[in-house]
Amino acid sequence: MSHSYNKLWIHAIWATKERMPLINSIAEPKIHQFITEQFRESGCPVRIINGMSDHIHCLFLLNSQKSITEVIKQVKGSSSHYINQHDLTGEKFSWQTGYAAYSVSESIVEKVFTYIKNQKAHHQKKSFSQEYEEFLK
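For the structure given in this document, a descriptive report is provided here. On a predicted model such as this, the values are computed, not experimentally measured, just so you know.

Focus: the pairing of strand β3 (residues 55-61)
Along β3, seven of the seven residues are buried, which leaves the element largely enclosed by surrounding structure. Judged by which residues are buried, β3 turns out to be covered on both faces: His55, His57, Leu59 and Leu61 on one side and Ile56, Cys58 and Phe60 on the other are all buried. In this structure, strand β1 (residues 9-15) lies alongside β3, joined through seven bridges in antiparallel fashion. Within β3, the residue paired with Ala15 across the bridge is His55. In this structure, the hairpin formed by strand β2 (residues 46-52) and β3 is closed by a connection of two residues.

Things to note about the pairing of β2
With six bridges connecting them, β2 and β3 associate as antiparallel partners. Bridge pairing in β3 links Met52 to His55.

Section: the nonpolar core
Among the nonpolar cores identified, the biggest contains 24 residues, and Trp14, Ile35, Phe39, Cys58, Phe60 and Trp95 are the most heavily contacted of them. Counting residues per element, the ones that place at least two in this core are β1, α1 (27-41), β3 and α2 (68-85). Residues in contact with Phe60, not counting those within four places in the same chain, are Leu8, Trp9, Ile10, Ala12, Phe39, Cys44, Pro45, Val46, Arg47 and Val71. Ranked by size, the runner-up nonpolar core spans nine residues in total, among them Ile48, Leu61, Val109 and Val112.

Examining the pattern of salt bridges
Applying the stated criterion to the full structure yields two salt bridges. Of the charged contacts in the structure, one is a salt bridge between Lys7 and Glu106, with a shortest N-O distance of 3.5 Å. With Lys7 in the segment before β1 and Glu106 in the loop between β4 (100-104) and α3 (109-117), this pair connects stretches of sequence that are 99 residues apart. Residue class for Lys7 comes out partly exposed when judged on its relative accessible area of 40%. Put simply, Glu110 and Arg47 hold a salt bridge, and the shortest N to O gap is 2.5 Å. Separated by 63 residues along the polypeptide, Glu110 in helix α3 and Arg47 in strand β2 bring together distant segments of the chain.

A short note on the packing of α1 against α2
The N-to-C vectors of α1 and α2 enclose an angle of 140°; their axes lie 10 Å apart at closest approach. With respect to each other, α1 and α2 are oriented oblique. At the point where α1 passes α2, the crossing takes the right-handed sense. Residue-level contacts link Lys30, Ile31, Phe34, Ile35, Gln38 and Phe39 of α1 to Val71, Gln74, Val75, Ser78, Ser79, Tyr82 and Ile83 of α2. Residues that form the contact of α1 with α2 fall into these classes: eight nonpolar, four polar and one charged.

Parameters and conventions
- Residues numbered from 1 in each chain as written.
- Predicted model: local features only at pLDDT ≥ 70, side-chain atom pairs only at ≥ 80, totals over all residues.
- Heavy atoms only, no water.
- Buried < 20%, exposed > 50% of the residue type's maximum accessible area, 1.4 Å probe, protein only.
- Helix = DSSP H or I, 4+ residues; strand = E, 2+ residues; numbered from the N terminus.
- Pairing = 2+ DSSP bridges.
- Core = buried A, V, L, I, M, F, W, Y, C linked by side-chain atoms within 4.5 Å.
- Contact = heavy atoms within 4.5 Å.
- Salt bridge = Lys/Arg side-chain N within 4 Å of Asp/Glu carboxyl O.
- Axes fitted to C-alpha atoms, helices over the stretch in contact; angles between N-to-C directions.
- Parallel < 35°, antiparallel > 145°, perpendicular 65-115°, else oblique.
- Left-handed = near helix turned anticlockwise from the far one by under 90°.
- Nonpolar A, V, L, I, M, F, W, Y, C, P; charged D, E, K, R; others polar.

This is the structure:
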């Protein structure tokens, strides 16, 4: 093969600092839109972003020239700044240190998309802590 080809879907999850429920329904679309733009500027097209008041899920294609760590660090940093600059939470906002990131097979991208899309209904049955522990297993 004379050319390289990469198509790596990533499902990333991170939480607000101390898992405080700071993302309200008014701020949420603005935050998600800003994060989508940040991923796009990093060359990482977003399939979906959704979450709850204390965490976020993102499904995106990883830019082959960047690491997951590099992309997520930039997105988290710039979005914290944006949230604070625009006073979207009413108090000082920051994301918790760290994140979880999983590669997603092309064959289940739609399943992961649906899972992320249905976060609000999903979390009526299961807490973020329970969900996160299941992801780790």
